[in-house]
Every structure is written in C-alpha cells, then in structure tokens.
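Chains, contacts and geometry: an overview
What follows is each chain in one-letter form.
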Amino acid sequence: GGVGGDQSAPGYGGLDYWVIKADALGNKQWDRTFGGSNHDALYSLYATTDGGCVVGGYSESPISGNKTTAGFGGPMDAWVLKLDASGNKEWEQVHGGNANDHVESIIQTRDGGYMFGAESYVGTGGNKTSAGIGQINYWVVKLDASGAKQWERIEGGGVDLIYSVSEASDGGYVLGG
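This report concerns the structure included in the present document. Values in this document were obtained by computation on a predicted structure and should not be read as measured data.

Describing the nonpolar core
- Within the largest apolar cluster, 13 residues are counted, with the highest numbers of intra-cluster contacts made by V80, V103, I106, F116, W139 and L143.
- Those elements that place two or more of their residues in this core are β5 (77–83), β7 (101–108), β8 (114–121) and β9 (136–143).
- Grouped together as the second largest cluster of nonpolar side chains are 10 residues, W30, V55, L83 and V94 included.

Thoughts on the sheet that holds β8
- Reading across the sheet, the 4 strands line up as β7-β8-β9-β10 and stay open at both edges, with antiparallel pairing between neighbours. The strands lining the two open edges of the sheet, one partner per strand, are β7 and β10 (149–155). Taken over all neighbouring pairs, the strand axes of this sheet differ in orientation by 20° on average, direction set aside.
- Taken together, the 6 bridges between β9 and β10 define a ladder with antiparallel strand orientation.

Things to note about the side chain of D31
- With respect to the helices and strands, the residue D31 is situated in strand β2 (residues 28–34).
- Among the polar contacts made by the side chain of D31, one reaches the side chain of W18 at a distance of 3.0 Å.

Quick word on the packing of aromatic side chains
- Under the definition given, this model contains 5 aromatic pairs.
- Centroid distance Y43 to Y58: 5.9 Å. Interplanar angle 70°. Geometry classified as edge-to-face. Here Y43 is found in strand β3 (residues 40–47), whereas its partner Y58 is found in strand β4 (residues 53–59), with 15 residues between them in sequence.
- Taking the relative accessible area as the measure of exposure, Y43 reaches 39% and is therefore partly exposed.
- A cation over a ring is seen here: K67 above W79, with NZ or CZ 5.9 Å from the ring centre.
- Lying over the aromatic face of W139, K128 brings its terminal NZ or CZ to 5.9 Å of the ring centre.

Quick look at the pattern of salt bridges
- This model, assessed by the stated rule, comprises 8 salt bridges.
- As a salt-bridge pair, K142 and D111 come within 3.1 Å of each other at their nearest N and O atoms. With a gap of 31 residues between them, K142 in strand β9 and D111 in the loop between β7 and β8 connect regions that are remote in the sequence.
- Here E152 ties to K149 by a salt bridge, and the two come within 2.4 Å at their closest N and O atoms.
- Each of the salt bridges in this network shares a partner with another, and the network as a whole consists of D50, K82 and E90.

Quick notes on the environment of V165
- Topologically, V165 is positioned in strand β11 (residues 164–167).
- Expressed as a C-alpha distance, the spacing of V165 and G132, which sit 33 residues apart in the sequence, is 18 Å.
- V165 has contacts with S105, I107, M115, F116, G117, V174 and L175, leaving out every residue within four places of it along the chain.

Cut-off values and rules
Residue positions are given per chain, counting from 1 as you read along its sequence in written order. At least 70 in pLDDT is required for a residue's local features to be given in this predicted model, at least 80 for side-chain atom pairs to be given and counted, and no such filter applies to totals for whole chains, interfaces and linings, which use all residues. With hydrogens and water excluded, all non-hydrogen atoms of the structure serve as input to the side-chain values. Here, nonpolar core refers to any group of buried Ala, Val, Leu, Ile, Met, Phe, Trp, Tyr and Cys residues whose side-chain atoms link them within 4.5 Å. For every residue, the accessible area obtained with a 1.4 Å probe (protein chains only) is divided by the maximum for its type, and the residue is called buried under 20%, exposed over 50%, and partly exposed between those limits. In this description a helix means any DSSP run of H or I spanning at least four residues, a strand means any run of E spanning at least two, and both kinds are numbered starting from the N terminus. One requirement defines pairing of two strands: DSSP has to find at least two bridges between them. Every axis corresponds to a line fitted to the C-alpha atoms, with the helix fit spanning only the stretch in contact, and the corresponding angles, defined between N-to-C directions, vary from 0 to 180 degrees. Pairs of N or O atoms are called polar contacts if they sit within 3.5 Å, as long as, within protein, a hydrogen donor faces a hydrogen acceptor (for residues adjacent in sequence, only side-chain-to-side-chain pairs). In this analysis, rings of Phe, Tyr and Trp, with Trp reduced to its six-membered ring, are considered paired at centre separations within 6.5 Å, and the interplanar angle assigns stacked below 30 degrees, edge-to-face beyond 60, and tilted for intermediate values. Either the NZ atom of lysine or the CZ atom of arginine qualifies as a charge over a ring when it sits within 6 Å of the ring centre and within 35 degrees of the ring normal. Any carboxyl oxygen of Asp or Glu within 4 Å of a side-chain nitrogen of Lys or Arg constitutes a salt bridge here. Only heavy atoms enter the contact rule, under which two residues are in contact if any of them lie within 4.5 Å.

So, in structure tokens, the structure goes:
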C-alpha cells in the first residue's frame, strides 16, 4: 500500500503492517505503516497499559524501509514491534529459526512483558532453540518489557496451528488452536 484513501502513512514495498488509532467515536487519530522491501504481514495487535500497543506477524524483508532488524533466513520470521501512544516505534524484535515462523497472537503479560504464540515449522536456528516434532508446532515465546526473549516452548506433534494466547488468573498461560 501507500498514501491514498484513508492511509496517510507511506508503504515500504510488498505488504506492510498498517496500524490505525481511533478515538472513542471512531475518528482516526493516526496511522502508521511498518515494513521493509518484501512482504510483512500483521496478524495480531494488543493494546498495552501505557496507551500504546504491541503488534506481531511476520516479515520476509531484509533491513530496509523502516525495518531495522535482520531476519534469520526463515524466509518468514516472527516480527514484533512495540508502539507508544502516538504510534512511534519503541522497539522491534525478530524471532525465528531456519524455517517459517509467524506470530498469530500476542499479549502483554501482568509483569509488563509480552508473550506471543507463533506457528513454527520444525527445526532450530536463528534464535529459536526448540526443534519441535512433526511439521508445524505451537511456538510460545515470553518476552521481557524490552522485547528480549526470556523463554520459549514448543507444543505439538504433527500439524498444530495456534490461534490464541491468553494469561490465566493463576499466572500461567492458555493456548488455543
């Protein structure tokens, strides 16, 4: 995409993340695009306690456009961005192995960090250390407040597609797919 219609933020090539902030009456306050020279697709957005949001999906782009973090050769890597209340990027992180990985669900956790659930093809590499079983697994990654990985876990054994991650009242997490 690019500037035109309701989009006032420029595109960077291929698909881009497009985030829009509206007020309580639905009036657009701002919109922002994030991406590189190839395809980058947003799958999940979560409003954070500081008035911003955390977003996740995938990136196939090298460092280009306004993407400043290199991928791991997935060709599809999980790409997570934290935006402030004005839509400015506070940080970005790429997570993935040597095969495709993409965020399906992302949340802010009670400790001020974040967690995402991704669909991940079996194998390690990059910053993914859990190999998995079968073809596609749930890949659950816990991040601290700055987006650095604290821990990861693989669940599954065949073709397992995660769609939702939630924090339970007992401090654990619930996964669904």
